[in-house]
Amino acid sequence: MGILKGLIFAVALTLVGVMRKLSAPQDSVLGRLGNSGNFVDVDRHPEAEQAPHLLIFRPNGMLFFANANRVRNHLRELTKQSDRPLHAVLINLEASPEIDVTSLEMLEQLRSELEGSGVSLYFARVADRVCDLFDRSGFTERIGSHRIFPGVDSAVSAFLKDDDRAEKLDQAHA
């Protein structure tokens, strides 16, 4: 085959392997560990408590064109399988320091679908570059800047406060 062809083949094979691995990262549903501000994968830590009516989701890899649809489909599945009615989904983007336009379109579709079902979308641990893309595209305006948080703990606290307020209003109107 020759050295040059062999080298090109090895590089191509490596790129295919990397793309395959990046296109199917593991995702985590998070819960609070004890009374701490630590949120961990509930599959690995069954003692972690999930907030009522809230799904906290973390893609454990960068969001980009090769995995955007898989992530959206997994989130759809999780929301349908929830054993309690969901009022919100919180996406922790700490493992995604950058996202591409395909991922942004996926998040927009997800926002629209969730909103149509009466479920709010929150974000935590959003990198500056991703925030800039959200701002430039108008996504921040559509979800509301009050739903983007520096940490998971502060996002959960805000959700619980909003959800409690909404439940009190519902009870008052009943």
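Residues numbered from 1 in each chain as written. Predicted model: local features only at pLDDT ≥ 70, side-chain atom pairs only at ≥ 80, totals over all residues. Heavy atoms only, no water.

Engineer: Would you mind going over the side chain of R58 in detail, with residue names and values included?
Structural biologist: Looking at the element boundaries, R58 is found in strand β3 (residues 54-59). Judged by its relative accessible area of 16%, R58 is buried. Of the polar contacts made by the side chain of R58, one reaches the side chain of N60; its length is 2.6 Å. Excluding residues within four positions of it along the chain, R58 makes contact with Q26, D27, S28, L30, N92 and E94. (Helix = DSSP H or I, 4+ residues; strand = E, 2+ residues; numbered from the N terminus. Buried < 20%, exposed > 50% of the residue type's maximum accessible area, 1.4 Å probe, protein only. Polar contact = N/O pair within 3.5 Å; in protein donor to acceptor, adjacent residues only side chain to side chain. Contact = heavy atoms within 4.5 Å.)

Engineer: Describe the pairing of β3, with residues and values.
Structural biologist: The element β3 is largely enclosed, with a buried count of 6 among its 6 residues. Of the two faces of β3, the one carrying L54, I56 and R58 and the one carrying L55, F57 and P59 are both buried. As defined by bridge partners, strand β1 (residues 27-32) adjoins β3 across 3 bridges and the pair is classed as antiparallel. Looking at β3, one finds that D27 is bridged to P59. Two strands pair when backbone bridges link them, and β3 and strand β4 (residues 88-92) are joined in this way by 4 bridges, in the parallel orientation. Bridge pairing links F57 to I91 in β4. (Pairing = 2+ DSSP bridges.)

Engineer: Just give me the short version of the pairing of β4, but keep the residues and values in it.
Structural biologist: Taking burial as the measure, the 5 residues of β4 include 5 buried ones, the bulk of the element. The parallel pair β3 and β4, bridged by helix α2 (residues 68-81), forms a crossover whose chirality is right-handed. Here β4 runs beside strand β5 (residues 120-124); their pairing, made up of 5 bridges, is parallel. For V89, the partnering residue across the bridge sits in β5 and is L121. One crossover worth recording links β4 to the parallel β5 by way of helix α3 (residues 101-116), and it is right-handed. (Right-handed = clockwise from strand over helix to strand, strands pointing away.)

Engineer: Break down the packing of aromatic side chains for me, citing the residues and quoting the values.
Structural biologist: Tallying each qualifying case throughout the model produces 6 aromatic pairs. Centroid distance F123 to F134: 5.4 Å. Interplanar angle 65°. Geometry classified as edge-to-face. In this pair, F123 sits in strand β5 while F134 sits in helix α4 (residues 128-137), placing the two residues 11 residues apart along the sequence. Side by side, F123 and F134 carry an identical accessibility label, which is buried. Ring geometry for F123 versus F139: centroids 5.8 Å apart, planes at 70°, classification edge-to-face. Of this pair, F123 sits in strand β5 while F139 sits in helix α5 (residues 139-143); the two residues are 16 residues apart in sequence, bridging distant segments of the chain. Judged on exposure class, the residue F123 and its partner F139 are both buried. (Phe/Tyr/Trp six-rings, centres within 6.5 Å; stacked < 30°, edge-to-face > 60°.)

Engineer: Requested: an account of α3, with residues and values cited.
Structural biologist: For α3, built from 16 residues, the straight-helix expectation of 22 Å at 1.5 Å per residue is met to within 8% by its first-to-last C-alpha distance of 22 Å. For α3, the complete set of buried residues consists of S103, L104, M106, L107, E108, L110, R111 and L114. Contact partners of the buried residues in α3: α2, β4, β5, α4 and α5. (Expected span 1.5 Å × (residues − 1).)

Engineer: Just give me the short version of α2, but keep the residues and values in it.
Structural biologist: Spanning 14 residues, α2 covers 20 Å between terminal C-alpha atoms, matching the ideal 20 Å at 1.5 Å per step. Taken together, the buried positions of α2 are occupied by A68, V71, R72, L75 and L78. Each buried residue of α2 lies within a common arc of 125° when the element is viewed along its axis, so the set occupies one face. Counted as exposed and oriented over 90 degrees from the buried face of α2: K80 and Q81. Those residues of α2 hidden inside the fold are in contact with β1, β3, β4 and α3. (Arc of directions from axis to C-beta.)

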